[in-house]
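# Chain and residue survey
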Amino acid sequence: MKRYTDILVDFVVALKYEDLPHGVIEQTKLFVADYYAASIAGYRVNKQFNRVAMSIIKEEGGAEQASILFEKKKYPVGNAAFMNAAYAHGADMDDGNRKSAGHIGTHVISSVFALGEKLGVTWKDIIVAINVGYEFFNRIAGAAQPGLYNRGFHSTGIAGAMACGAACAKLMGLDRCGVYNSVSLAAIQSSGLIIIDESGQSCKPINPANAARIGILSALMAEKGLLSSRNPLESKKGWFHAFTDHVDETILLRGLGVDFTIGESYLKLYPTCRHTHCCIDGVLKIRERMNDKNTFLPNIIEKIEVYIYPSAIKSAGIIRNPRSQEEAKFSIYYAIAVAFNNGDFSIEDLQVERIDSVINDLLAKIELVPDPLMEDRACGIRGSRIKVVLCDGEIFEETILIPKGEGIGALDWNDLQIKMHACSYGIVSEEISKWVINRCMNIDANETFGSVMSFFDKDLRLLGYKDQQDC
């Protein structure tokens, strides 16, 4: 039996801040900044879920241990992590990874921040724990794909529980036995169905939120000496057996401790499912090339053919005419039509009540064509080829193999400032959004962490939770 769990746990126990390359540390700061931008966006747009979840957390009350974004009172550490993770994933603006086909920061950073506040650790400890979480998530979820997805599971929740269990155990300084049992306890609680990209999309954040809470609970139980199942990953009754028919050992183990996967993870520019991003990028490039002809859209367009990998169609190619902002986030058709018409895709574009006759005409002209050549996991490709055929016979084509936000198109601090301002509009002032980005950029690893709210100025201007409840 391959001892996958042992190898990963040994890595977690041995990892020190000094082992992290400078580039990885700086990338982690960038991803922390993105976490804040995505969280504010999620607070802003996923209002019904936020209102219901927060009302339950308030009713439960409990020990005042950790902070929740936009709340003055503290809550039990698990509930704080749950709610912050829900915010971080609420607008689908949070980071992710192509190989693992899921989101990481939403649960890992939420659980580490909440527990870190309770423990009073330094940023050095926080940065190490975050990278433990990214390694665990990207490696085990990546090794289980595409089987995990094909069986109907959401890797963000399924692998997220173990990622948070490992990260939190590391943050607590547990010994090898403690880390092992935290991971095992999290493994047997793994949960999350991908049906939420089909309907009920506003509930999608419950998967990373549960993962964050499970990770903290698992680490706390392991600290108290609770012994869990052995071989949770590799057993015939274990995690891999439950979620996939094939384990990709290359993704799981190659470069462990040397090549940190936060470096290959992506940041998002658009508030939509990642499967739509290559399409938006392609359409925007074609739109630029069409120049003055854009004035006559969509009258001059006969059809738009979209050649894209089958799993993208399975996730985001079902809904042609979205009826809510939740459905809008998971519609390739809508993403293309809006990008073509507006020259961008912003949070405001999720308001489907703004759909006009131009958008409707474009929606009717889009055809999705399954093309397996647009995906190559080994080469990191998940792209699309857009073919726009005009009524006069002229054709415009654009192929995007890797969307903006990763690889050579990775976002920098200037991009993050623009994203933060767009995500936080109406929630915090532009001055505060710049302040947060600057604080993230200049994190001092030796300083005490504080809380998830420690980067906000005391004069932070919020719309207030009452406004959310009234929406």
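Our subject is the structure listed above.
Since this is a predicted model, take the numbers as computed values, not measurements.

### Digging into the pairing of strand S3 (residues 301-308)
By the criterion of burial, S3 is predominantly enclosed, with six of the eight residues buried. Of the pairings in the sheet, the one linking S3 to strand S4 (residues 366-370) comprises five bridges and is parallel in character. Within the sheet, the bridge partner assigned to isoleucine 308 lies in S4 and is proline 370.

### Looking at the pattern of salt bridges
Counting across every chain of the model gives 22 salt bridges. Of the charged contacts in the structure, one is a salt bridge between arginine 289 and glutamate 398, with a shortest N-O distance of 2.9 Å. With arginine 289 in helix H14 (residues 277-290) and glutamate 398 in strand S8 (residues 395-400), this pair connects stretches of sequence that are 109 residues apart. Glutamate 398 gets classed as buried once you look at its relative accessible area, which sits at 19%. Between glutamate 430 and lysine 434 there is a salt bridge, and its shortest N-O distance comes to 3.8 Å. With a gap of four residues between them, glutamate 430 and lysine 434 both fall in helix H20 (residues 430-441), about one helical turn apart. Classification of glutamate 430 by relative accessible area gives partly exposed; the value is 42%. When salt bridges that share partners are traced, they join Asp92, Lys204, Lys268 and Lys329 into one network.

### Focus: helix H9 (residues 160-171)
Compared with the 16 Å implied by 1.5 Å per residue over 12 residues, the 16 Å span of H9 between its first and last C-alpha is a close match. For H9, a buried count of 12 out of 12 residues is recorded, marking the element as mostly surrounded by other parts of the structure. A positive phi of about 70 degrees marks glycine 173, the residue just after H9.

Calculation rules
- Residues numbered from 1 in each chain as written.
- Predicted model: local features only at pLDDT ≥ 70, side-chain atom pairs only at ≥ 80, totals over all residues.
- Heavy atoms only, no water.
- Buried < 20%, exposed > 50% of the residue type's maximum accessible area, 1.4 Å probe, protein only.
- Helix = DSSP H or I, 4+ residues; strand = E, 2+ residues; numbered from the N terminus.
- Pairing = 2+ DSSP bridges.
- Salt bridge = Lys/Arg side-chain N within 4 Å of Asp/Glu carboxyl O.
- Expected span 1.5 Å × (residues − 1).

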